[in-house]
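For reference, the chains in residue letters:
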Amino acid sequence: DTGVSQDPRHKITKRGQNVTFRCDPISEHNRLYWYRQTLGQGPEFLTYFQNEAQLEKSRLLSDRFSAERPKGSFSTLEIQRTEQGDSAMYLCASETSYSGNTIYFGEGSWLTVV
Amino acid sequence: KQEVTQIPAALSVPEGENLVLNCSFTDSAIYNLQWFRQDPGKGLTSLLLIQSSQREQTSGRLNASLDKSSGRSTLYIAASQPGDSATYLCAVKGANNLFFGTGTRLTVIP
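Residues numbered from 1 in each chain as written. Chains lettered and ligands numbered in written order. Predicted model: local features only at pLDDT ≥ 70, side-chain atom pairs only at ≥ 80, totals over all residues. Heavy atoms only, no water.

Notes on the pairing of strand β4 (residues 31-37) of chain A
All names here are of chain A. Of all the seven residues making up β4, seven are buried; the element is thus mostly covered by neighbouring parts of the structure. Residues Arg31, Tyr33, Tyr35 and Gln37 point to one face of β4 and Leu32, Trp34 and Arg36 to the other, with burial holding for every one of them. Examined bridge by bridge, β4 and strand β5 (residues 44-50) share six bridges and lie antiparallel to one another. Residue pairing in the sheet places Tyr33 in a bridge with Tyr48 of β5. Between β4 and β5, which pair antiparallel one after the other, the connecting turn spans six residues, and Gly40 there sits at a positive phi close to 80°. Pairing geometry for β4 and strand β9 (residues 88-95), over seven bridges, is antiparallel. Within β9, the position partnered with Arg31 by the bridge is Glu95. (Buried < 20%, exposed > 50% of the residue type's maximum accessible area, 1.4 Å probe, protein only. Helix = DSSP H or I, 4+ residues; strand = E, 2+ residues; numbered from the N terminus. Pairing = 2+ DSSP bridges.)

Some details on the pairing of strand β7 (residues 62-67) of chain B
If a strand is regular, its side chains alternate between the two faces of the sheet. All names here are of chain B. With four bridges joining them, strand β6 (residues 56-59) and β7 adopt antiparallel strand pairing. Each bridged residue has a counterpart across the sheet, and for Ser59 the counterpart in β7 is Leu62. Connecting β6 to the antiparallel partner β7 that follows it, the hairpin turn spans two residues, and Gly60 within it adopts a positive phi of roughly 60°. Judged from the six bridges that link them, β7 and strand β8 (residues 72-77) form a sheet pairing that is antiparallel.

A short note on the side chain of Arg64(A)
Residue and element names in this part refer to chain A. Checked against the element boundaries, Arg64 lands in the loop between β6 (53-57) and β7 (65-68). According to the relative accessible area criterion, Arg64 is buried, its value standing at 10%. Once residues lying within four places of it in the same chain are set aside, the contact partners of Arg64 are Glu78, Ile79, Gln80, Arg81, Thr82, Glu83 and Asp86. (Contact = heavy atoms within 4.5 Å.)

Let's talk about the nonpolar core
Counting residues in each nonpolar core, the largest one holds 22 residues, and the members touching the most others are Phe25(B), Leu33(B), Trp35(B), Leu75(B), Ile77(B), Tyr88(B) and Leu106(B). Counting only elements with at least two residues in this core, the list comes to β3 (19-25), β4 (32-38), β5 (44-51), β7, β8, β9 (86-93) and β11 (104-109) of chain B. Ignoring sequence-local partners within four residues, the contact set of Ile77(B) consists of Glu17(B), Asn18(B), Leu19(B), Arg61(B), Leu62(B), Asp84(B), Tyr88(B) and Leu106(B). The next biggest cluster of nonpolar side chains, apart from the first, holds 19 residues, and it includes Cys23(A), Leu46(A), Leu61(A) and Ile79(A). (Core = buried A, V, L, I, M, F, W, Y, C linked by side-chain atoms within 4.5 Å.)

Remarks on unusual backbone geometry
Trans is the prevailing form of peptide bonds, just as negative phi is the prevailing case for residues other than glycine. Here the residue pair Asp7(A) and Pro8(A) is connected by a cis peptide bond, since its omega of -5° sits within 30 degrees of zero. Note that Pro8(A) resides in the loop between β1 (5-7) and β2 (10-13). Going from Ile7(B) to Pro8(B), the amide bond is cis rather than trans, its omega being 0°. Positionally, Pro8(B) belongs in the loop between β1 (4-7) and β2 (10-14).

Quick look at the packing of aromatic side chains
All names here are of chain A. Within this structure, the stated rule accounts for ten aromatic pairs over all chains. For the ring pair Phe21 and Tyr90, a centre distance of 5.6 Å and an interplane angle of 20° mean the geometry is stacked. Here Phe21, found in strand β3 (residues 19-24), pairs with Tyr90, found in strand β9; they are 69 residues apart in sequence, far enough to count as distant. Each of the two residues, Phe21 as well as Tyr90, counts as buried. Centre to centre, the rings of Tyr33 and Tyr48 are 5.1 Å apart; their planes meet at 25°, and the pair counts as stacked. (Phe/Tyr/Trp six-rings, centres within 6.5 Å; stacked < 30°, edge-to-face > 60°.)

As structure tokens, then:
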């Protein structure tokens, strides 16, 4: 068990560029979550996968955001035409399908849009 | 929509003191409640998980309680140490989502 892994840890991009973050969940965890956190705030839910199916999306996830989880393994979160307001830490988390289990978070991917 | 509130927003205590962090939530239909620790610029580390049917959980110097009917949880930290300095986040689990508070930033002064 190597924990939830996120890449890259830090990304600086110019406004208007596209960025992609990758998350590798704990093996055999079939549920995967993406959250966004800004300074001084708690994480906010973006989207949730069970296996490869994206079952829920927040209204925060505008049409510039897309997430995938091919084959129910790793996941990617892509932000198109980045805006300065997208600057935040993007957190990935995973858990097993039993709803009472602990959710484990990765170290996060920091995005700065300049 | 579930709303989670944490009080106080910040707390500063001398080393060795016992302390209590508070969390309240508006919808009692939860699966569980988790307390997390977050160091600056880092991800979240799970500290304690309390199932909706449980009243409390203990791990080392940490004790978390849950009163689901009143929508409250507390995290008790005994004999605080400078290494406990961090932000502590409370999160309640709905069907497909964790709802977070904004955290309590704890500073333990040596």
